[in-house]
Protein chains: 6
Amino acid sequence: MAGLTHFDAEGRAQMVDVSDKPVTHRIATAAGEVVMTPATLALIAEGRAAKGDVLGVARLAGIMAAKKTAELIPLCHPLPVTKVTVDLVADAAMPGVRIEATVKTSGQTGVEMEALTAVSVAALTVYDMVKAVEKAMRIEGIRLILKDGGKSGRYEAE
Amino acid sequence: MAGLTHFDAEGRAQMVDVSDKPVTHRIATAAGEVVMTPATLALIAEGRAAKGDVLGVARLAGIMAAKKTAELIPLCHPLPVTKVTVDLVADAAMPGVRIEATVKTSGQTGVEMEALTAVSVAALTVYDMVKAVEKAMRIEGIRLILKDGGKSGRYEAE
Amino acid sequence: MAGLTHFDAEGRAQMVDVSDKPVTHRIATAAGEVVMTPATLALIAEGRAAKGDVLGVARLAGIMAAKKTAELIPLCHPLPVTKVTVDLVADAAMPGVRIEATVKTSGQTGVEMEALTAVSVAALTVYDMVKAVEKAMRIEGIRLILKDGGKSGRYEAE
Amino acid sequence: MAGLTHFDAEGRAQMVDVSDKPVTHRIATAAGEVVMTPATLALIAEGRAAKGDVLGVARLAGIMAAKKTAELIPLCHPLPVTKVTVDLVADAAMPGVRIEATVKTSGQTGVEMEALTAVSVAALTVYDMVKAVEKAMRIEGIRLILKDGGKSGRYEAE
Amino acid sequence: MAGLTHFDAEGRAQMVDVSDKPVTHRIATAAGEVVMTPATLALIAEGRAAKGDVLGVARLAGIMAAKKTAELIPLCHPLPVTKVTVDLVADAAMPGVRIEATVKTSGQTGVEMEALTAVSVAALTVYDMVKAVEKAMRIEGIRLILKDGGKSGRYEAE
Amino acid sequence: MAGLTHFDAEGRAQMVDVSDKPVTHRIATAAGEVVMTPATLALIAEGRAAKGDVLGVARLAGIMAAKKTAELIPLCHPLPVTKVTVDLVADAAMPGVRIEATVKTSGQTGVEMEALTAVSVAALTVYDMVKAVEKAMRIEGIRLILKDGGKSGRYEAE
């Protein structure tokens, strides 16, 4: 099995050298959920129309967080993202909010961490805005859905 | 049911006025998991001893992220945290890594978001360091465990 | 006339010592406008309902910018704001968007710069979102409306 | 008339996809003013020589703010600027301070927002340093003067 | 001998709990030098008058860096500084630039790191501005000069 | 002798125009030391094994600081680093800790400041973690060791 590339032979953390990797188009999609009671979800859904757009605020927070990924994740390479979308959908069956983020760049490393960070911060923002009503919400299933571009090839979650 | 305090009567997002709330001691604990294969967990566990301390790097990332919470969560009040601890434990039964963060402050609002942000970023950092080996890892169960201090009183997850 | 307190006797820039000023409630309100053609304003107004909430995005940008004031203004003291509101109103008579921001804190210095920064960044965000349609928009009249709390007393713009 | 590209078909805010736009040389110039009383302007002018360089501090603040644009403007693409100049000139006829900023990059999007942000933060910094003397100053006429490079071609304000 | 408080009993890094420490006035002064050739120093000295104020730019960079200390030093507590001064003096005998920074706050922890960070970043900024002329400059003697306030009492370097 | 490129002909600070410089591979190595008593060094060395990894925390702080260089140094161009390593070695002969950082990028300007910033912040972090035991530690000899890539050619410290 491969070792952990973020450490050198003596186990010291490092930002891996990507200087000689080609600049290619990269894309990554990540997803996650905020699980809550039906009453809390109803409050969010109703708010969209009239009382305040929780999902709109969380979408912006996720987009802005994608741009901060390299500040948050210590060994992550900084790269200029060329596209970020974050979608949040109320799902009555869960019940809760489904979140999906897609990030693109042209660069020497992938944008998985940017997509995962966008989902995580969008989820935290949903929690923040609704926590006065329900503290027991849970953020679940944050995962990579798709990754493409770069030498390691395409990855799609099963 | 209470409404969403982060919006005014016309549904406009706002940072809630806490000017008249007393400064009190606040504490919050949050938790979460990164679920992975036994082989990936073994790599992390073995690395601790010799090849690189994934959990140590993730701990620091979580502590530093707690200090960035108000930059990430749009309507969150900035406050100077007085303590942050982040613990990460390899759990062979899961298999995966359990994360728990505790944050304290003396302030006019709680530190739930700081604790949840610390857990989330620690989890993302674990993912980042091990993703070359396993892309299918999932971040699960990010939740508030305990909150105390302030008018709304003590909250403990069941 | 008083001199400039941000410089010492030899003209060197400094962050003024406020250590001995009492902690008091502070409030400031600032305002400004983004002036544009009627057609551009119509696009924003129509978007609110159906195609995208320019004013909602700009409001959040203004709120988040208030928290970054001390990072942007070199000699500004950092302080934890306790309330931020940013209102944006389409004004057909101008035509354009009126912006007003109010910030509060309990601290040793005022929050004028936080309110002015919130207005400025909200205005820039309106510009950014609509610039594909009209590049000749102008940001006008950014000014302090009200300031209260602290030794220098209440200020209201005429 | 074109729609607003920062929103998708359902009106959700997004960072527009620029992945397939060519990397070209980009330049933008923006301008603005801080209007004040003759006495306040005299204080700034006199300070340049002896008591503290208000315009020098504001120039640096503007340059540094250009680098923070993508952090402040939610849907703005991050890009590495290759040149930033900010000029501030005392204008006795106004009376006040004229500000002009020019930014360059090689990238996939323009640098209008970087130039406008540099002017805005330079203006706010002038306000901050002189506000003890005059609170009624106004920031006026922040606007794009020139933009070139990229598919949409050259724009010059009339 | 005392142990290292930034680690718990199992050696895990932590932000130390200062919740129960009293809020007191704190002050710290740090110093350092940038050592260079006489020709380089002459260029800086001459620039002050006519060609560009290296020391003025470095002073501002140091002041702004003091506000970023808790972002840079992983286990450092965030606290709102109430005063920052940074002085830079050309010293022909060294030859080089002497830097001294003083920081104050009212808080639960000291401001040594803020003062040391201000000196370090001011020194780096001097290096940056003059490196086209001399790459062999050295930053030397960054050290704490004075610390007062708080339980551990006054410290003065010998 | 060459003048200072960070100022224009009238002595105004500017971010130099590098738009027309070619994108080339760049590397820089910087070094520095934290000098302390033998007893303090012993505490660090012993901690590595059992009580807390001072050097590991400082290494991460240095890597993360390299990514923040353009935020700290006012006229520094932002650029996406492609590799950062920071090594810290306990040196009983000094006694103290030797620090060396290497940074790479493909860009239009060099990465000397990134390497020097990584060393400086790693040194400050060592100081922070050990200051409860010894306040008289000194950060010494921060200097450029190697620079290559770009028009000005290779530089090696003697």
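Here the structure is a predicted model, which is why all the values come from computation and not from measurement.

Engineer: I'd like a description of the overall build of chain A, backed by residues and values.
Structural biologist: From N to C terminus, chain A includes 4 helices and 5 strands. Along chain A, from the amino end to the carboxyl end, the secondary structure elements read β-α-α-α-β-β-α-β-β. Dimensions of chain A along its principal axes, counting C-alpha atoms only, are 50 × 30 × 30 Å. Put simply, chain A has 158 residues, and 65% of those count as buried. Summed over all atoms, the accessible surface of chain A reaches about 5,300 Å², with 54% contributed by carbon and sulfur.

Engineer: Help me get a handle on the relation of the copies chain A and chain B, residues and values and all.
Structural biologist: Both copies of the chain are placed relative to one another by a rotation about an axis and a shift along it. Between chain A and chain B, which share one sequence, the superposing operator has a rotation angle of 180 degrees and an axial displacement of 0.0 Å; the RMSD is 0.0 Å. In the structure described here, the two chain copies are related by an operation that fits a two-fold rotation axis. Within chain A, the C-alpha atom positioned nearest to the axis of rotation is that of Glu140(A), 2.2 Å from it. With an isologous cut-off of 70% or more, the 100% of interface residues of chain A that recur at the interface of chain B puts this contact in the isologous class.

Engineer: Could you give an account of the confidence of the model for chain A, naming the residues involved and the relevant values?
Structural biologist: Here chain A averages 93 in pLDDT, and 96% of its residues register 70 or above. When pLDDT is averaged over each helix and strand of chain A, the minimum, 80, is found for helix H1 (residues 38–51) of chain A and the maximum, 98, for helix H3 (residues 69–72) of chain A.

Engineer: Talk me through the side chain of Lys68(F); I want residue IDs and the actual numbers.
Structural biologist: Within the fold, Lys68(F) resides in the loop between helix H2 (54–66) and helix H3 (69–72). Of the residues examined, Lys68(F) reaches a relative accessible area of 8% and is grouped as buried.

Engineer: Break down the packing of helix H4 (residues 112–130) of chain A against helix H4 (residues 112–130) of chain B for me, with residues and values.
Structural biologist: One can describe the packing of H4(A) onto H4(B) by two numbers: an axis separation of 11 Å at closest approach and a directional angle of 165 degrees. The angle between the axes of H4(A) and H4(B) places the two elements in the roughly antiparallel class. Read as a crossing pair, H4(A) and H4(B) show a hand that is right-handed. Where H4(A) approaches H4(B), its residues Met113(A), Leu116(A), Thr117(A), Ser120(A), Leu124(A), Tyr127(A) and Asp128(A) are matched on the opposing element by Met113(B), Leu116(B), Thr117(B), Ser120(B), Leu124(B), Tyr127(B) and Asp128(B). A per-class count over the contact of H4(A) with H4(B) returns 8 nonpolar, 4 polar and 2 charged.

Engineer: Lay out the UniProt feature "active site" (unreviewed entry) in chain A in plain terms, naming residues and giving numbers.
Structural biologist: Taken from the UniProt record, the annotation "active site" (unreviewed entry) applies to Asp128(A). Once you skip the residues sitting within four places of it in the chain, Asp128(A) turns out to touch His6(B), Ile73(B), Leu75(B), Cys76(B) and Met113(B).

Engineer: Tell me what's going on with the arrangement of the chains, and back it up with residues and numbers.
Structural biologist: These two, chain A and chain E, are apart from each other, with no contact and a minimum C-alpha gap of 10 Å. Structurally, chain C and chain F remain out of contact, their C-alpha atoms never closer than 10 Å.

Engineer: Any details on the pairing of strand E3 (residues 96–107) of chain B? Residues and values, ideally.
Structural biologist: All names here are of chain B. With 12 bridges connecting them, strand E1 (residues 24–35) and E3 associate as antiparallel partners. What sits directly across from Val-34, in E3, is Val-97. Linking strand E2 (residues 81–91) to E3, which pair antiparallel, is a turn of 4 residues.

Engineer: Outline the interface of chain D and chain E, listing residues and values.
Structural biologist: Contacts between the two partners involve 4 residues from chain D, matched on the other side by 4 residues from chain E. Of all residues in chain D, the largest losses of buried area upon contact with chain E belong to Val57(D), Leu60(D) and Met64(D), amounting jointly to 85% of the total for that side. The interface formed by chain D and chain E includes 0 salt bridges. Counting every contact that joins chain D to chain E gives 0 residue pairs in polar contact (both at pLDDT 80 or more). Residue composition of the side of chain D that touches chain E, grouped by class: 3 nonpolar, no polar and 1 charged.

Engineer: Hey, could you go over the interface of chain A and chain B for me, with residue numbers and the actual values?
Structural biologist: Frequently, the measure chosen for interface size is the accessible area removed from exposure when the parts meet. In this complex, chain A contributes 54 residues to the contact, which on the side of chain B involves 54 residues. When chain A packs against chain B, the two sides together hide about 4,600 Å² of surface, and 71% of this comes from carbon and sulfur. Area buried by chain A at its contact with chain B is led by Leu4(A), Leu124(A) and Lys135(A), which between them contribute 13% of it. Summed over the shared surface of chain A and chain B, the result is 2 salt bridges. The shortest N-O distance in the salt bridge between Lys68(A) and Glu71(B) comes to 2.8 Å. Run the count over chain A and chain B and you get 8 residue pairs in polar contact (both at pLDDT 80 or more). Taken together, the elements giving at least two residues each to the side of chain A that touches chain B come down to H1, helix H2 (54–66), H3, H4 and strand E4 (138–148) of chain A. A per-element tally of the side of chain A that touches chain B places H4(A) first, with 12 residues. Class assignment for the residues of the side of chain A that touches chain B results in 31 nonpolar, 9 polar and 14 charged. Summarising the sheet, E4(A) and strand E4 (residues 138–148) of chain B pair through 2 bridges and their orientation is antiparallel. Within E4(B), the residue paired with Ile139(A) across the bridge is Ile142(B).

Engineer: Requested: an account of H4(A), with residues and values cited.
Structural biologist: Its 19 residues place the ends of H4(A) 28 Å apart at the C-alpha level, agreeing with the 27 Å of an ideal helix rising 1.5 Å per residue. Burial analysis of H4(A) places 19 of its 19 residues in the buried class, the great majority of the element.

Engineer: So what about unusual backbone geometry? Which residues, and what values?
Structural biologist: In this model, Met94(D) is joined to Pro95(D) through a cis peptide bond whose omega is -15 degrees. Among the secondary structure elements, Pro95(D) is positioned in the loop between strand E2 (83–91) and strand E3 (96–107).

Engineer: Could you give me a rundown of the relation of the copies chain D and chain E, with the residues and numbers involved?
Structural biologist: For the pair chain D and chain E, the superposition axis carries a translation of 0.0 Å, the fit reaches an RMSD of 0.0 Å, and the rotation angle comes to 180 degrees. Taken together, the interface assignments show that 100% of the residues at the interface of chain D recur at the interface of chain E, consistent with an identical surface on both copies.

Engineer: Give a detailed account of H2(A), specifying residues and quantitative values.
Structural biologist: Given 3.6 residues per helical turn, the α-helix brings residues three or four places apart onto the same face. The end-to-end C-alpha distance of H2(A) is 19 Å, a good match for the 18 Å that 13 residues give at a rise of 1.5 Å each. Where burial is concerned, most of H2(A) is hidden: 13 out of the 13 residues are buried.

Engineer: So what about the pairing of strand E1 (residues 24–35) of chain D? Which residues, and what values?
Structural biologist: Within a regular strand, the side chains alternate between the two sheet faces. Sheet analysis places E1(D) next to strand E4 (residues 138–148) of chain D, joined by 8 bridges and oriented antiparallel. Bridge assignment links Val34(D) to a residue of E4(D), and that residue is Ile139(D).

Engineer: So, the environment of Pro22(B): which residues are in play, and what are the values?
Structural biologist: All names here are of chain B. Counting through the fold element by element, Pro-22 comes out in the segment before E1. The class of Pro-22 is exposed, set by a relative accessible area of 55%. On a C-alpha basis, the gap between Pro-22 and Ala-90 in space is 40 Å, while along the polypeptide they are 68 residues apart. Those residues within four positions of Pro-22 in sequence are excluded, and the remaining contacts are Gly-107 and Gln-108.

Engineer: I'd love a proper account of the environment of Glu71(E), names of residues and values included.
Structural biologist: With respect to the secondary-structure elements, Glu71(E) resides in helix H3 (residues 69–72). A C-alpha to C-alpha distance of 26 Å links Glu71(E) and Lys131(E), two positions 60 residues apart in sequence. Side-chain polar atoms of Glu71(E) contact the side chain of Lys68(F), separated by 2.8 Å.

Engineer: If you had to explain the side chain of Glu114(F) to someone new, which residues and values would you point to?
Structural biologist: With respect to the helices and strands, Glu114(F) occurs in helix H4 (residues 112–130). Non-local contacts of Glu114(F), meaning those with residues more than four positions away in its chain, are made with Ala66(F), Thr69(F), Cys76(F), His77(F), Leu79(F), Val81(F) and Val103(F).

Engineer: Provide a residue-level description of the environment of Ala61(A), including the pertinent values.
Structural biologist: Topologically, Ala61(A) is positioned in helix H2. A relative accessible area of 1% means that Ala61(A) is categorised as buried. The spatial distance from the C-alpha of Ala61(A) to the C-alpha of Val119(A) is 9.4 Å, given a sequence separation of 58 residues. The residues touching Ala61(A), leaving out its near neighbours within four places in the chain, are Val121(A), Thr125(A), Leu72(B) and Pro74(B).

Cut-off values and rules
Just so you know, the residues in each chain are numbered from 1, in the order the chain's sequence is written. Chain labels run from A onward and ligand labels from 1 onward, assigned in the order the entries are written. Two thresholds apply to this predicted model, a pLDDT of at least 70 for residue-level local features and 80 or more for giving and counting side-chain atom pairs, whereas whole-chain, interface and lining totals are computed over all residues. Calculated side-chain values reflect all of the structure's heavy atoms, with hydrogen atoms and water omitted. Note on conventions: DSSP H or I runs of at least 4 residues are helices, E runs of at least 2 residues are strands, and numbering of each starts at the N terminus. Burial classes follow relative accessibility: with a 1.4 Å probe on protein chains only, a residue under 20% of its type's maximum area counts as buried, one over 50% as exposed, and anything between as partly exposed. Accessible surface area values rest on a Shrake-Rupley calculation with a 1.4 Å probe, where residue burial reflects the displayed protein chains alone. We superpose the copies by least squares over the C-alpha atoms of residues that have a pLDDT of at least 70 in both of them. Throughout, a contact is declared for two residues whenever any of their heavy atoms are within 4.5 Å. One number per residue, pLDDT, summarises how confident the predictor is, and it ranges from 0 to 100. Angles run from 0 to 180 degrees between N-to-C directions of axes, and those axes are lines fitted to C-alpha atoms, restricted for helices to the stretch in contact. Oblique is the label for any angle not under 35 degrees, not over 145, and not in the 65 to 115 range, which are roughly parallel, roughly antiparallel and roughly perpendicular in turn. In this scheme the crossing of two helices becomes right-handed for a clockwise turn of the near helix relative to the far one and left-handed for an anticlockwise turn of less than a right angle. Three categories are distinguished: nonpolar for Ala, Val, Leu, Ile, Met, Phe, Trp, Tyr, Cys and Pro, charged for Asp, Glu, Lys and Arg, and polar for the others, with Gly belonging to the last. UniProt positions are given in the numbering used here, feature names are shortened, and annotations may be inferred rather than shown by experiment. The pairing criterion for strands is at least two bridges between them, as found by DSSP. Throughout, buried area stands for the accessible area (probe radius 1.4 Å) lost by two parts on being put together, summed over both. Whenever Lys or Arg places a side-chain nitrogen within 4 Å of a carboxyl oxygen from Asp or Glu, that contact is recorded as a salt bridge. Polar contacts, as used here, are pairs of N or O atoms within 3.5 Å; protein pairs need one atom able to donate a hydrogen and one able to accept it. Residues neighboring in sequence count only if both atoms are side-chain atoms. A helix is expected to span 1.5 Å multiplied by its residue count minus one.

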